[in-house]
Amino acid sequence: MQPIGIFGGTFDPIHFGHLRIALDLFECLNLREVRWIPCAQPPHRMAPVASAAQRLHMVRAAVQGEKAFVVDDRELRVVGPSYTVNTLISLRSEFPDTPLCLIVGGDAFSSLHTWHRWQELIELAHIVIAHRPGWALPAAGAVFDFLQSRFTNEQSHLHEQCAGSVLASAVTQLDISGTRIRQLIKAGRNPRFLLPNTAIGLIDTYQLYR
Ligand code: ATP
C-alpha cells in the first residue's frame with residue numbers, strides 16, 4: 001500500500017529545502033501524499049519566532065496548488081509540547097493499515113535519541129532520512145546502533161510493512177535553513193529564491209523576523 005509521508009517541523013519559515021525534499025520523496029518513494037505537520041511548541045529548541053498560526057498560514061500558502069501535499073494542523077490543536085510520538089499515535093489510529101513514513105533531515109535524525117520516547121517511533125512509522133548538506137549519518141552511539149538494526153535500502157519495505165524500517169534518501173540537497181532566512185531578513189536583505197513568494201508575502205504582512 002502507498003505510504004503517507006509525514007513531515008513535521010517548526011517551518012519558521014517553510015523554505016525550498018523543505019519543499020524540494022518533500023516532492024523528491026513523494027515521487028521517488030511513490031508516496032500517497034506528504035502531510036505537513038507544523039509543530040505548536042517544539043520540545044527541543046527555543047520557541048519559534050513566528051506564532052503557530054502564522055507558521056501554519058505560511059505552510060498552507062507555500063504548498064497551495066501542489067496535489068501531493070496535505071496540511072495537517074493536529075499539533076496546533078494539542079496543548080503543551082508537540083511530541084512526534086503522540087502525533088504518530090494519533091495518525092496511526094486514523095490510518096491503522098497504511099504505512100507511515102516519518103521524514104527527517106540528517107540533522108534531526110542525528111539527535112533522534114533526544115526525542116521523547118524515541119524508541120517507540122519506529123513501531124509506529126518508518127523513518128526516511130533526507131540528506132542535508134553539512135550533515136553525515138551518525139557513525140557511533142545510540143542512533144548509529146538504532147540505524148544499523150533498522151536500516152534498509154529496499155523501498156518495497158516501506159510499502160509492504162506499516163512501520164519498522166529506516167531508509168536514507170539522496171534528495172536534492174539545498175543548503176537552506178530557517179535560521180539563515182531569519183538572519184537575512186533581520187539584516188535587511190532580500191530572501192527571494194530561498195522560499196516561495198507566497199511565504200515572503202506573509203512574512204511582509206506579519207512583519208516577521210525583522
Ligand atoms: P531552523 O534553521 O529554524 O532550525 P530548519 O530550516 O532546520 O529551521 P525545521 O522546520 O526546523 O527547518 O525543519 C523541519 C525538518 O526539515 C527537519 O527534519 C529538518 O532536518 C528538515 N530540513 C530543514 N531544512 C532542510 C534542508 N535544507 N535539507 C534537508 N532537510 C531539511
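Residues numbered from 1 in each chain as written. Predicted model: local features only at pLDDT ≥ 70, side-chain atom pairs only at ≥ 80, totals over all residues. Heavy atoms only, no water.

### Comments concerning the overall build of the chain
Reasoning step 1: A tally of regular secondary structure across the chain gives nine helices and six strands.
Reasoning step 2: The C-alpha radius of gyration computed for the chain amounts to 17 Å, which stays within 12% of the reference 17 Å derived for 210 residues, consistent with globular compactness.
Reasoning step 3: Projected onto its principal axes, the C-alpha coordinates of the chain cover approximately 45 × 35 × 35 Å.
Reasoning step 4: Across the 210 residues that make up the chain, the buried fraction comes to 49%.
Reasoning step 5: Sequence separation of 24 or more characterises 76% of the internal contacts of the chain that already satisfy a separation of 6 or more.
Reasoning step 6: Surface accessibility of the chain: about 10,100 Å² in total, with carbon and sulfur atoms responsible for 51%.
Reasoning step 7: Averaging the coordinates of the 19 positive side-chain charges in the chain and doing the same for the 18 negative ones gives two points 9 Å apart. (Helix = DSSP H or I, 4+ residues; strand = E, 2+ residues; numbered from the N terminus. Rg over C-alpha atoms; globule rule 2.2 N^0.38 Å. Buried < 20%, exposed > 50% of the residue type's maximum accessible area, 1.4 Å probe, protein only. Contact = heavy atoms within 4.5 Å. Areas by Shrake-Rupley, 256 points an atom, 1.4 Å probe, with all protein chains shown as cover. Lys, Arg positive; Asp, Glu negative; His and termini not counted. Charge placed at Lys NZ, Arg CZ, Asp CG, Glu CD.)

### Looking at the packing of helix α2 (residues 52-63) against helix α9 (residues 197-206)
Reasoning step 1: Look at α2 against α9: their axes get within 8 Å of each other, and the N-to-C directions meet at 150°. Classified by the angle between their axes, α2 and α9 sit roughly antiparallel to one another. When the axes of α2 and α9 are compared, the crossing they make is right-handed. Taking contact as the criterion, the partners of Gln54, His57, Met58, Ala61 and Ala62 in α2 are, on α9, Thr198, Ala199, Leu202, Ile203 and Tyr206.
Reasoning step 2: Among the residues forming the contact of α2 with α9, the class breakdown is seven nonpolar, three polar and no charged. (Axes fitted to C-alpha atoms, helices over the stretch in contact; angles between N-to-C directions. Parallel < 35°, antiparallel > 145°, perpendicular 65-115°, else oblique. Left-handed = near helix turned anticlockwise from the far one by under 90°. Nonpolar A, V, L, I, M, F, W, Y, C, P; charged D, E, K, R; others polar.)

### Structural notes on the nonpolar core
Reasoning step 1: In this structure, Phe7, Ile14, Val34, Trp36, Met58, Val63 and Phe69 are the most contacted members of the largest nonpolar core, which totals 39 residues.
Reasoning step 2: Secondary-structure elements contributing two or more residues to this core are α1 (16-28), β2 (33-38), α2, β3 (69-71), β4 (100-105), β5 (126-130), α8 (178-186) and α9.
Reasoning step 3: Apart from the residues lying within four places of it in its own chain, the contact partners of Met58 are Phe11, Pro13, Ile14, Ala50, Ala199, Leu202, Ile203, Leu208 and Tyr209.
Reasoning step 4: Judged by nonpolar contacts, the second largest core, of 24 residues, contains Trp115, Leu121, Val143 and Phe146. (Core = buried A, V, L, I, M, F, W, Y, C linked by side-chain atoms within 4.5 Å.)

### Overview of the sheet that holds strand β1 (residues 4-9)
Reasoning step 1: If you walk across this open sheet you meet the six strands as β3-β2-β1-β4-β5-β6, and the pairing is parallel. Of all the strands in the sheet, just β3 and β6 (166-169) have a single pairing partner and so form its edges. For this sheet, the mean inter-axis angle between neighbouring strands, taken without regard to orientation, is 30°.
Reasoning step 2: Looking at chain direction, β5 and β6 are connected through four bridges and run parallel. Pairing of Ile129 across the sheet is with Ala168, part of β6.
Reasoning step 3: Packed on one face of the sheet, α1 meets β1, β2, β3, β4, β5 and β6 and runs near 150° to β2. (Pairing = 2+ DSSP bridges.)

### Some details on the environment of Arg20
Reasoning step 1: Looking at the element boundaries, Arg20 is found in helix α1.
Reasoning step 2: Distance from Arg20 to Leu174, taken between C-alpha atoms, is 8.3 Å for residues 154 residues apart in sequence.
Reasoning step 3: Discounting residues that sit within four places of it in the chain, Arg20 has contacts with Thr172 and Leu174.

### With respect to unusual backbone geometry
Reasoning step 1: Cis rather than trans, the peptide bond between Asp12 and Pro13 has omega equal to 0°.
Reasoning step 2: Note on placement: Pro13 falls in the loop between β1 and α1.
Reasoning step 3: For Phe11, which is not glycine, the phi torsion reads 55° and is therefore positive.
Reasoning step 4: If you trace the backbone, Phe11 turns up in the loop between β1 and α1.
Reasoning step 5: Of note in the backbone geometry, Tyr209 takes a positive phi value of approximately 70° without being a glycine.

Purely geometric stuff here, so don't read any function into it on its own.
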